[in-house]
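Descriptive analysis of the structure
Here is what each chain is made of, one letter per residue.
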Amino acid sequence: MSETLETYRDLAAGLLDLYLSWVSNRMNEVMKVLTIIATIFIPLTFIAGLYGMNFSYMPELNHPYAYPGVLLIMLAIAVAMLIYFRKKRWL
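Attention here is on the structure that accompanies the text. Not measured: the values here are computed from a predicted model.

Regarding its fold elements, the chain presents two helices and zero strands. Once the C-alpha set of the chain is aligned to its principal axes, its extents read approximately 85 × 30 × 15 Å. With 91 residues in all, the chain has 12% of them scored as buried. For the chain, the computed accessible surface area is about 8,000 Å², with 70% contributed by carbon and sulfur atoms. Positive and negative charge centroids in the chain, built from 7 and 6 side chains respectively, lie 19 Å apart.

This is how it looks when you write it as structure tokens:
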């Protein structure tokens, strides 16, 4: 009886370790995705913050295509980072 009880205790401990390992791996996957999303938005936030300042002597502010140009640059950065992450098999 004692030996059977010890076997069941070891089995329960093994199942608990297996479950905790599975939860840890799942959390690592979620953290990886959140880190990639944050990494993509950091340069975009910098560019938006730079152009959101109230400077009056930025030459590109008077250019008629400056706003769409900056948006295209931001889109290109995001797409390039996504392609890079997919090539590295991080995403």
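Next, the rest of the story.
Moving on, we come to the nonpolar core. Grouped together as the largest cluster of nonpolar side chains are nine residues: Ile36, Ile40, Leu44, Ile47, Val70, Met74, Ala78, Met81 and Phe85. The leading source of residues in this core is helix α2 (residues 66–87), at five residues. In this structure, Val70 is in contact with Ile47 and Tyr51, ignoring residues within four places of it in sequence.

Here the focus is a nonpolar patch on the surface. Together, Met27, Val30, Met31, Val33, Leu34, Ile37, Phe41, Leu82 and Leu91 make up an exposed nonpolar region whose accessible area comes to about 790 Å². Ranked by the residues each element gives to the nonpolar patch, the list is headed by helix α1 (residues 2–51), at seven residues. Among the structural elements, Val30 can be located in helix α1.

This next bit is on unusual backbone geometry. Most of the time, phi is negative for any residue but glycine, and the peptide bond is trans. Positioned with a positive phi, Arg89 is a non-glycine residue whose angle comes to about 60°. Relative to the helices and strands, Arg89 is located in the segment after α2. We classify Arg89 as exposed; its relative accessible area is 72%.

Under the criterion given, the structure shown has two salt bridges. Arg9 serves as the salt-bridge partner of Glu6, at 2.4 Å between the closest nitrogen and oxygen. Of this pair, Glu6 and Arg9 both sit in helix α1, separated by three residues, roughly a single helical turn. With a closest N to O distance of 3.6 Å, Glu29 and Lys32 form a salt bridge. Within this pair, Glu29 and its partner Lys32 are both found in helix α1, separated by three residues, close to a single helical turn. Given a relative accessible area of 41%, Glu29 falls into the partly exposed group.

We now examine the packing of aromatic side chains. Taken as a whole, this structure holds four aromatic pairs when the rule is applied. Summarising the aromatic geometry, the rings of Tyr84 and Trp90 are spaced 6.0 Å apart at their centres and angled 90° between planes, so their arrangement reads as edge-to-face. Look at Phe85 and Trp90: their rings are 5.8 Å apart centre to centre, the planes differ by 35°, and that puts the pair in the tilted class. Linked through ring pairs, Tyr84, Phe85 and Trp90 together constitute an aromatic cluster.

Rules used in this analysis
Residues numbered from 1 in each chain as written. Predicted model: local features only at pLDDT ≥ 70, side-chain atom pairs only at ≥ 80, totals over all residues. Heavy atoms only, no water. Helix = DSSP H or I, 4+ residues; strand = E, 2+ residues; numbered from the N terminus. Buried < 20%, exposed > 50% of the residue type's maximum accessible area, 1.4 Å probe, protein only. Areas by Shrake-Rupley, 256 points an atom, 1.4 Å probe, with all protein chains shown as cover. Lys, Arg positive; Asp, Glu negative; His and termini not counted. Charge placed at Lys NZ, Arg CZ, Asp CG, Glu CD. Core = buried A, V, L, I, M, F, W, Y, C linked by side-chain atoms within 4.5 Å. Contact = heavy atoms within 4.5 Å. Patch = residues over 30% accessible without salt bridge, like charges linked within 9 Å, V, L, I, M, F, W, Y side chains within 5 Å. Salt bridge = Lys/Arg side-chain N within 4 Å of Asp/Glu carboxyl O. Phe/Tyr/Trp six-rings, centres within 6.5 Å; stacked < 30°, edge-to-face > 60°.

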